[in-house]
Amino acid sequence: MTKYAIEAHNIVKKFGDFTALNDISLEVPTGKIYGFLGPNGCGKSTMIRVLTGLMNANEGSVTVLDLNIPKQADLLRLKIGYMTQKFSLYDDLSTRENLQFIGEIFGLSGTQLSDRINEQLQCYQLDQLSNQRVGSMSGGQKQRLSLAAATMHNPSLLFLDEPTSAVDPQSRREFWETLFDLCDQGTTILVTTHYMDEAERCHTLGIMEAGKMRAIGTPETLMSQLGAYVIEITTQHSRALKERLLAKPEVKSAAQVGLSLRVLIDKSISEPISWLTNNFSELSSGDLKETRANLEDVFVTVTGEGRQ
Amino acid sequence: MISSLIRMKAIIVKELRQLARDRITFGMVVMIPLIQLLLFGFAINTDIRNIPIGVVDQSGSTAGRVITQSVSVTQVVSITSSYATVFEAEQAITKGEIKAALILPSDLTQRITQQRVLGQWIVDGSDTMITSAIMALQTMPFTDFDFEIRPRVPKTFDVVLYYNPTRRSAVNIVPGLLGVILTMTMILFTSAAIVRERERGNLELLITTPIHSFELMIAKIVPYIFVGLIQIFIILGLGHYIFAVPINGAISQILMGSLLFIAASLALGLVISTIATTQLQAMQMTVFILLPSILLSGFMFPYEGMPVAAQWISEALPATHYMRIIRGIVLRGADLHDLWQDSLWLLAFTLIGLIVASVRFKKSLD
């Protein structure tokens, strides 16, 4: 087995004058969960479409499971599972009929097919719903069905495009448990998300913004290498203070979290707390403390340039 | 190869399930041919009867009354009123109360003895069908007098009518209706086929699967072939029993000819489906094909009477070729061998359509 399930180099994808992907390179290690974190419209879905051969890149090279994409995209389709952002199974078919359809499309038939369907129904807790039309099912149920369909043919690589955007937190947790189970069995997973808590679960994370890859690394590395201090300020009049803080170029971000302000201060300042109290007299009496960076801090720090 | 068949079977089963669950569409499969057949069969009637007319009898003579009655018993017209003056009759025509008026002048008796023209019809000429029905009365002989008032016009030719000796319109319309209804339903169903997948978001999933374009195209049309066959049974069956349309050709020939046309229409629908981006657009394009198929295919007006440019368009439409085939088989007892040019054309149209559709259907989102 090769070290990398996906290798992409210098991908450029343009839609007319708009550059959706701007010189993106990435390597997805086999058997790991790789996440794309980024706001809506940053190019996550486009990247997945290029990697699966659904779209042709204008520049760059893509190798997925040792296949040259898009040239060998037909061969790739047999080996990958793809869960689209929008639910894309048939609302007017039942759970079992949908799985049967997908299974047959991937060449399963007879007892092999029915065994696999039962296995998937059980694994994704859909056995109670097997004869129910999909149109009447909840977001979480549909999502489990989508994943069951995407894994019908035991793909070694799974693409999940914002899989949890229409589900409640409990279903999301369970969904990620299933992903780790799949990963345990050797499946490589590439998942896009705009939820920080999801991003934190990935083995490797690529933070995308406006068609560019801003940072790549494990969530831990990204958080520890954050080029800013995180200071929590608890004070009154925090709304007014926030505006004044943001006027300083050293302050990378200030966001209200509950009663306190979470402020990111550039690493070029050696003593952030005293810098703050020196510059903002009202803070001398306030409660200031440095705290551990989280992924949202990382995201805010590395992006922002292209934000409008 | 086997997996290719399994894949096609998967799509066909899925399409049939979806069709069976879409009650309105499923209802249309049966209702369209049923209702259209009854409507067209009863309403479209080129044997004109009971045209409302008025009479202006200025002679007031016995001869005038006899002539009026003779005209009335032809049943071509029905005398709804009589007027004292020509002016009143003209006004009644303008108002649309009557379609024509028969004017018998005051010197009617004299004209009879002199064997001159007896009277005049004034006719609302806007409907040519009505005009020609009245024109036919121009030379009507009168036999209710002691002598024949006008010598019969000697005939140059005798006309013998084959296949439809009683000149009933339904005989020609019912087989033609097959072509129109199949055009309508077949193109409509398949033109929505791919577009619907796109609109509902199923397409993105479908194109990441190993299914090939050509397999998808074939599998998408197969279920509708059965739909088409059901419609043929409804139309020809009812046409035969209700409108006494003779079925002179072999059933196998009818089936084969119809299959050719169904396939051609379905392929055309698929091509539309790869062009349209919404179901509404697909519908509009279907109407774009449907109208010339009704007007130019020879269903309503004879091909021979069309201007050359219209004949070219007509030749391009699958419906035209099917009209010839199905009328040939059903009414004249011909077979596909006799109509090989039209059959070949439909076959070629199907193949080209399928190829165009599969080439146009790219498995990519670019």
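Residues numbered from 1 in each chain as written. Chains lettered and ligands numbered in written order. Predicted model: local features only at pLDDT ≥ 70, side-chain atom pairs only at ≥ 80, totals over all residues. Heavy atoms only, no water.

1. Some details on the pattern of salt bridges
Tallied over the full model, the rule gives 25 salt bridges over all chains. Taking the shortest distance from any N to any O, the salt bridge between Glu104(A) and Lys9(B) comes out at 2.9 Å. With Glu104(A) in helix α3 (residues 95-105) and Lys9(B) in helix α1 (residues 2-21), the pair connects residues from two separate chains. Salt-bridge contacts for Glu15(B) lead to Lys14(B); the nearest nitrogen and oxygen are separated by 3.1 Å. Lys14(B) carries the same exposure label as Glu15(B), and that label is buried. (Salt bridge = Lys/Arg side-chain N within 4 Å of Asp/Glu carboxyl O. Helix = DSSP H or I, 4+ residues; strand = E, 2+ residues; numbered from the N terminus. Buried < 20%, exposed > 50% of the residue type's maximum accessible area, 1.4 Å probe, protein only.)

2. Considering the interface of chain B and chain A
Every contact between the two is made by 27 residues of chain B and, on the other side, 29 residues of chain A. Surface buried jointly by chain B and chain A totals about 2,700 Å² across both partners, of which 56% is contributed by carbon and sulfur atoms. Counting across the interface, chain B meets chain A through 5 salt bridges. The interface formed by chain B and chain A contains 15 residue pairs in polar contact (both at pLDDT 80 or more). Contributing elements (two or more residues each) for the side of chain B that touches chain A: α1, α7 (169-200) and α8 (203-206) of chain B. Per element, the largest residue contribution to the side of chain B that touches chain A is 9 residues, and it comes from α1(B). Counted by class, the side of chain B that touches chain A contains 9 nonpolar, 7 polar and 11 charged residues. (Contact = heavy atoms within 4.5 Å. Buried area = accessible area lost by both parts, 1.4 Å probe. Polar contact = N/O pair within 3.5 Å; in protein donor to acceptor, adjacent residues only side chain to side chain. Nonpolar A, V, L, I, M, F, W, Y, C, P; charged D, E, K, R; others polar.)

3. Structural notes on the confidence of the model for chain A
For chain A, the mean per-residue pLDDT works out to 87, and 98% of the residues sit at or above 70. Within chain A, helix α9 (residues 238-246) of chain A has the poorest average pLDDT of any element, 82, and α3(A) the best, 94. (pLDDT = per-residue confidence, 0-100.)

4. Here's the deal with a nonpolar patch on the surface
All names here are of chain B. A surface patch of nonpolar side chains, about 730 Å² in accessible area, is lined by Phe214, Trp340, Leu344, Leu347, Leu351, Ile355 and Val359. When residues in the nonpolar patch are grouped by element, the largest group, 6 residues, is from helix α14 (residues 340-360). Tracing the sequence through the fold places valine 359 in helix α14. Overall, the relative accessible area of 57% leaves valine 359 in the exposed class. (Patch = residues over 30% accessible without salt bridge, like charges linked within 9 Å, V, L, I, M, F, W, Y side chains within 5 Å. Areas by Shrake-Rupley, 256 points an atom, 1.4 Å probe, with all protein chains shown as cover.)

5. Focus: the side chain of Thr192(A)
All names here are of chain A. Relative to the helices and strands, threonine 192 resides in strand β8 (residues 188-193). The buried category is assigned to threonine 192, whose relative accessible area is 0%. There is a polar contact of 2.9 Å between the side chain of threonine 192 and the side chain of aspartate 161. Side-chain polar atoms of threonine 192 contact the backbone nitrogen of glutamate 162, separated by 2.7 Å. Excluding residues within four positions of it along the chain, threonine 192 makes contact with Phe36, Lys44, Ile48, Leu160, Asp161, Glu162 and Pro163.

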